[in-house]
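Analysis of the macromolecular model
These are the residues of each chain, in order.
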Amino acid sequence: QQQVKQSPQSLIVQKGGISIINCAYENTAFDYFPWYQQFPGKGPALLIAIRPDVSEKKEGRFTISFNKSAKQFSLHIMDSQPGDSATYFCAASTLTGRRALTFGSGTRLQVQP
Amino acid sequence: DAGVIQSPRHEVTEMGQEVTLRCKPISGHNSLFWYRQTMMRGLELLIYFNNNVPIDDSGMPEDRFSAKMPNASFSTLKIQPSEPRDSAVYFCASILRTGTGNTIYFGEGSWLTVV
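Residues numbered from 1 in each chain as written. Chains lettered and ligands numbered in written order. Predicted model: local features only at pLDDT ≥ 70, side-chain atom pairs only at ≥ 80, totals over all residues. Heavy atoms only, no water.

1. Some details on the nonpolar core
Judged by nonpolar contacts, the single largest core of 24 residues is most densely connected at Phe33(A), Trp35(A), Phe73(A), Leu75(A) and Tyr88(A). When residues of this core are traced back to their parent elements, those giving at least two are strand E2 (10-14), strand E3 (19-25), strand E4 (33-38), strand E5 (45-50), strand E7 (62-67), strand E8 (72-77), strand E9 (86-92) and strand E11 (107-112) of chain A. In this structure, Leu46(B), Met69(B), Ile79(B) and Cys92(B) belong to the second largest nonpolar core, which totals 21 residues. (Core = buried A, V, L, I, M, F, W, Y, C linked by side-chain atoms within 4.5 Å. Buried < 20%, exposed > 50% of the residue type's maximum accessible area, 1.4 Å probe, protein only. Helix = DSSP H or I, 4+ residues; strand = E, 2+ residues; numbered from the N terminus.)

Structural data, given as structure tokens:
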């Protein structure tokens, strides 16, 4: 019940295109859904996060869409750039109590110039 | 803000040797996490501490693994004896537990190779 499933495993997008990564969760106790970005040799870093009281959150070129009834959320990267090439992890946790992040398996994004 | 500081960044050791990984969380943060990252299993939570107290160590793979947090500014993850399958990147992360603070900050990781 702690699992977070992420797809696709890898993604190749042309510069200027839209990158879409999907995640699904099982535990209905989760109420915080962040996306982390990881560059080679670095630790994951928070990119954007959403709580289930909204269906969408946008920060610059990055948007999270959230579907509470389907227990799914996705990351959209608009106007993808070569500098966005990294591994993206969705995650889920609770805002109180345990708070430890449960991560998806990661998506390796490559944006071709 | 120096961020979460981990050492060593890289460690190569022989099977059977003891390995100690170190972490300094962000000053003022009161929860600390140890994660392990491998290609096969992704990012796995090993253990986490609240106010220096271990809360959940269910992710610690075996008795060979142990973690301590003697004070708010230091934690260790020890593997004894180490095995080749322990080769991974070990991340330490910290968070300030407040009503609204949710960002977990990661260190740059300790890359462990056991030969």
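Once you've had a look at it, read on.
2. Comments concerning the sheet that holds strand E3 (residues 19-24) of chain B
Backbone hydrogen bonds hold the strands of a sheet together, and the pairing may be parallel or antiparallel. Residue and element names in this part refer to chain B. Across the sheet, four strands lie side by side as E1-E3-E8-E7; this open sheet has antiparallel pairing. The open sheet is flanked by strand E1 (5-7) and strand E7 (65-71), the only strands paired with a single partner. Each strand axis lies, on average, 15° off the axis of its neighbour in the sheet, ignoring direction. Looking at chain direction, E3 and strand E8 (residues 74-79) are connected through five bridges and run antiparallel. In the strand pairing of E8, Arg22 is matched with Thr76. (Pairing = 2+ DSSP bridges. Axes fitted to C-alpha atoms, helices over the stretch in contact; angles between N-to-C directions.)

3. A few points about the state of the cysteines
Counted according to the given criterion, the structure contains two disulfides over all chains. Note on cysteine connectivity: Cys23(A) is disulfide-linked to Cys90(A), with sulfurs 1.8 Å apart. When the S-S torsion is -90°, as for the bridge of Cys23(A) with Cys90(A), the disulfide is left-handed. With a gap of 67 residues between them, Cys23(A) in strand E3 and Cys90(A) in strand E9 connect regions that are remote in the sequence. Accessibility classification places Cys23(A) together with Cys90(A) in one group, the buried group. Paired by a disulfide, Cys23(B) and Cys92(B) hold their sulfur atoms 1.9 Å apart. The S-S bond linking Cys23(B) to Cys92(B) shows a torsion near -70°; that makes this disulfide left-handed. Separated by 69 residues along the polypeptide, Cys23(B) in strand E3 and Cys92(B) in strand E9 (residues 88-95) bring together distant segments of the chain. By relative accessible area, Cys23(B) is classed as buried at 1%. (Disulfide = S-S within 2.5 Å.)

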